[in-house]
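# Residue-level structural notes
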Amino acid sequence: DWSSDVCSSDLQEERGIIKLDDKPVVLAADKGSTKLPQGAWSHYVGKEYALTLTRIDGGKTTKNGLVEMFDAQLMITDPHDQIVYNSKGTAQCKPM
């Protein structure tokens with residue numbers, strides 16, 4: 001569950017912020033990655049971690065006004081490309 005205390009995220013046009021073990025980690029948007037709804041990107045990078053958010057092929061997508069929700073996979077890696085978090089769930093993109 002992405003909203004757990006272990007990992008939650010706020011992905012924006014210029015940066016992404018994830019919370020790992022109650023500590024915020026700021027990541028830069030990779031503007032060469034796939035564009036997601038509401039200005040989010042599929043890849044964000046930082047000194048300690050990188051985040052990749054991908055839509056699940058054939059997954060469910062719903063829209064409620066400006067908010068778009070879709071089945072996705074969230075993966076966070078360390079500087080050695082080792083996976084430190086990997087989970088499937090529902091991504092929610094909404095205006096900031």
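Summarised in this report is the structure supplied together with it.

Quick notes on the rules
Residues numbered from 1 in each chain as written. Predicted model: local features only at pLDDT ≥ 70, side-chain atom pairs only at ≥ 80, totals over all residues. Heavy atoms only, no water. Core = buried A, V, L, I, M, F, W, Y, C linked by side-chain atoms within 4.5 Å. Buried < 20%, exposed > 50% of the residue type's maximum accessible area, 1.4 Å probe, protein only. Helix = DSSP H or I, 4+ residues; strand = E, 2+ residues; numbered from the N terminus. Lys, Arg positive; Asp, Glu negative; His and termini not counted. Salt bridge = Lys/Arg side-chain N within 4 Å of Asp/Glu carboxyl O. Polar contact = N/O pair within 3.5 Å; in protein donor to acceptor, adjacent residues only side chain to side chain. Contact = heavy atoms within 4.5 Å. Pairing = 2+ DSSP bridges.

### A word on the nonpolar core
- Of all hydrophobic cores here, the largest spans 18 residues; its most connected members are I18, L27, Y44, L51, L53 and F70.
- Among the secondary structure elements, those contributing two or more residues to this core are β2 (15–20), β3 (23–29), β5 (50–55), β7 (67–77) and β8 (83–93).
- By residue number, the principal contributor to this core is β7, which donates four residues.

### Looking at the side chain of D78
- Relative to the elements of secondary structure, D78 occurs in the loop between β7 and β8.
- Despite being buried, D78 has no salt bridge partner; K23 is the closest side chain of opposite charge, sitting 15 Å away.
- A polar side-chain atom of D78 sits 2.8 Å from the main-chain amide nitrogen of H80.
- One polar contact links the side chain of D78 to the main-chain amide nitrogen of Q82, over a distance of 2.9 Å.
- Once residues lying within four places of it in the same chain are set aside, the contact partners of D78 are E48, Y49 and V84.

### Some remarks on unusual backbone geometry
- Backbone geometry places D81, a non-glycine residue, at a positive phi of 60°.
- The topology assignment puts D81 in the loop between β7 and β8.
- Note on D81: relative accessible area 62%, which makes it exposed.

### A word on the pairing of β3
- The pairing of β2 with β3 spans six bridges and is classified as antiparallel. Bridging from a neighbouring strand, R15 pairs with A28 of β3.
- Between β2 and β3, which pair antiparallel one after the other, the connecting turn spans two residues, and D21 there sits at a positive phi close to 50°.
- For β3 and strand β4 (residues 43–45), the ladder comprises two bridges, and the chain directions are antiparallel. Directly across from A28, in β4, lies its bridge partner V45.

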